[in-house]
Amino acid sequence: MTTTPDDPPAALPGRPPVVDLATWQAARDELLVREKAHTREGDAIAAARRRLPMVEFDGTVEVVGPDGPVPFLHLFQGREELVVYKHMWYDGAPHQGQCEGCTTTAWHMRDAVYLNARGVSFAILTTGRWDEVAAYVEFMGYAQPWYSVRGVEAPIGGDMGHITCFLRDGDRAFLTYSTTGRGNEPVNGSLGLLDMTPYGRREAWEDDPEGWPEAPQAGSPTGGHCSPICWYWRSDADGVATWGPTSRPVPQWTRPGATPVETLGRQGHHH
């Protein structure tokens with residue numbers, strides 16, 4: 001049977017209705033009103049964030065980086081503002097055994113040139129021993145400044161898995177803001193783009209249309225249709241989905257120039 005442009009569009013099982021462009025545009029315009037309201041509320045929240053009180057702390061406390069111990073004020077690199085990501089760390093774990101969520105966040109922040117252009121420095125802090133951290137940073141090819149805050153108290157150290165903002169006034173340092181959980185999402189541009197796609201993030205908490213592909217369990221190494229999802233995509237050295245200290249976040253371990261898979265497998269088992 002030949003289909004002509006005048007034929008009504010066929011419904012797709014388990015999908016939203018198929019409509020003409022004008023009908024789609026009307027629905028899109030209706031949603032845009034809500035999106036704009038969301039944007040304006042976000043602007044209002046950001047304005048309130050800029051008015052939060054500050055906490056002064058000792059900026060001369062030392063952290064450890066590639067040049068050895070340096071005062072925390074060094075991380076500002078002469079700028080007035082500093083944003084850090086606090087990366088969780090598992091002592092003694094092979095590279096691929098480090099936190100998949102923190103690894104994803106660090107991977108998305110390849111450099112901070114546009115922050116720097118606005119007078120904001122960026123660094124990653126972690127509680128790992130510097131020798132382990134340095135080897136991990138070199139292996140992953142990270143260009144961001146990394147520092148060990150092992151044994152350092154909050155607000156420089158403390159709980160990891162946070163984005164934290166600081167302000168410098170000469171030799172005085174202030175904590176201005178901190179967030180964690182889904183508050184970390186602004187660093188990960190992939191999540192925002194996934195939110196715009198038909199299937200979204202494919203995570204179980206999402207509100208999907210009836211009949212949409214079933215979301216995997218939160219701890220699953222692979223997503224629906226065997227497609228990987230977010231930071232849960234992990235495999236062994238042979239590419240088989242698995243979970244544990246010798247598995248690895250596949251997107252990064254299959255990047256151009258990455259160490260061959262078989263070498264990674266040996267490394268994982270030697271730890």
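Residues numbered from 1 in each chain as written. Predicted model: local features only at pLDDT ≥ 70, side-chain atom pairs only at ≥ 80, totals over all residues. Heavy atoms only, no water.

**Digging into the overall build of the protein chain**
Part 1: Across its full length, the protein chain holds 7 helices and 10 strands.
Part 2: Counting all 271 residues of the protein chain, 37% fall into the buried class.
Part 3: Look at the contacts in the protein chain between residues 6 or more apart in sequence, and 58% of them connect residues 24 or more apart.
Part 4: Of the roughly 16,100 Å² that the protein chain leaves accessible, carbon and sulfur atoms contribute 56%. (Helix = DSSP H or I, 4+ residues; strand = E, 2+ residues; numbered from the N terminus. Buried < 20%, exposed > 50% of the residue type's maximum accessible area, 1.4 Å probe, protein only. Contact = heavy atoms within 4.5 Å. Areas by Shrake-Rupley, 256 points an atom, 1.4 Å probe, with all protein chains shown as cover.)

**Points about the pairing of strand 4 (residues 81-87)**
Part 1: Along strand 4, 6 of the 7 residues are buried, which leaves the element largely enclosed by surrounding structure.
Part 2: Bridging between strand 4 and strand 5 (residues 120-126) involves 7 bridges; their strand directions are parallel. Bridge pairing in strand 5 places Val84 opposite Ala123.
Part 3: Two elements, strand 4 and strand 7 (residues 162-169), share 5 bridges in a ladder whose sense is antiparallel. Considered in strand 7, the bridge of Val84 is made with Thr164. (Pairing = 2+ DSSP bridges.)

**Observations regarding the packing of aromatic side chains**
Part 1: For the structure on display, the rule yields 10 aromatic pairs.
Part 2: Here Phe57 and Phe166 contribute two aromatic rings whose centre-to-centre distance is 5.5 Å and whose plane-to-plane angle is 65 degrees, an arrangement assigned as edge-to-face. Of this pair, Phe57 sits in strand 1 (residues 55-57) while Phe166 sits in strand 7, placing them 109 residues apart in sequence.
Part 3: For Phe57, a relative accessible area of 12% translates into the label buried.
Part 4: Taking the relative accessible area as the measure of exposure, Phe166 reaches 2% and is therefore buried.
Part 5: Taking 5.0 Å as the distance between ring centres and 70 degrees as the angle between the ring planes, the aromatic pair formed by Phe72 and Phe166 counts as edge-to-face. Of the two residues, Phe72 is situated in the loop between strand 3 (68-71) and strand 4 and Phe166 in strand 7; the sequence distance between them amounts to 94 residues. Assigned by exposure class, Phe72 and Phe166 land together as buried.
Part 6: Aromatic ring contacts, followed pair by pair, group Trp89, Trp107, Tyr136, Tyr142 and Trp146 into a single cluster. (Phe/Tyr/Trp six-rings, centres within 6.5 Å; stacked < 30°, edge-to-face > 60°.)

**Digging into the pattern of salt bridges**
Part 1: Taken as a whole and judged by the stated rule, the model has 8 salt bridges.
Part 2: For the salt bridge of Glu35 with Arg28, the shortest nitrogen-to-oxygen distance reads 2.8 Å.
Part 3: A relative accessible area of 32% places Glu35 in the partly exposed class.
Part 4: For Arg28, a relative accessible area of 28% corresponds to the partly exposed category.
Part 5: Residues Glu185 and Arg201 are paired through a salt bridge, measuring 2.7 Å at the closest nitrogen-oxygen approach. Of the two residues, Glu185 is situated in the loop between strand 8 (172-180) and helix 5 (189-196) and Arg201 in the loop between helix 5 and strand 9 (234-235); the sequence distance between them amounts to 16 residues.
Part 6: A residue is classified by how much of its surface remains accessible, and Arg201, at 4% relative accessible area, is buried. (Salt bridge = Lys/Arg side-chain N within 4 Å of Asp/Glu carboxyl O.)

**Some points on the nonpolar core**
Part 1: Grouped together as the largest cluster of nonpolar side chains are 22 residues, with contacts concentrated most on Phe122, Tyr142 and Trp146.
Part 2: Of all elements in the fold, only strand 4, helix 2 (100-108), strand 5, helix 4 (130-140) and strand 7 reach the threshold of two or more residues within this core.
Part 3: Looking at which element gives the most residues to this core, the answer is helix 4, with 5 residues. (Core = buried A, V, L, I, M, F, W, Y, C linked by side-chain atoms within 4.5 Å.)

**Some thoughts on the side chain of Asn184**
Part 1: Tracing the backbone through its elements, the reader meets Asn184 in the loop between strand 8 and helix 5.
Part 2: A polar contact is formed between the side chain of Asn184 and the backbone oxygen of Gly161, at a distance of 2.8 Å.
Part 3: A polar atom in the side chain of Asn184 sits 3.3 Å from the backbone nitrogen of Ile163.
Part 4: When sequence neighbours within four positions are dropped, the list of residues in contact with Asn184 reads Tyr85, Gly161, His162, Ile163 and Thr179. (Polar contact = N/O pair within 3.5 Å; in protein donor to acceptor, adjacent residues only side chain to side chain.)

**Concerning helix 2**
Part 1: Across the 9 residues of helix 2, 8 count as buried, placing the element largely inside the fold.
Part 2: For helix 2, the set of buried residues is Glu100, Gly101, Cys102, Thr103, Thr104, Thr105, Ala106 and Trp107.

**Examining the pairing of strand 8**
Part 1: For strand 1 and strand 8, the ladder comprises 3 bridges, and the chain directions are antiparallel. Counted as the bridge partner of Glu56 is Phe174 from strand 8.
Part 2: Sheet analysis places strand 7 next to strand 8, joined by 8 bridges and oriented antiparallel. Bridge pairing in strand 8 links Leu167 to Phe174.

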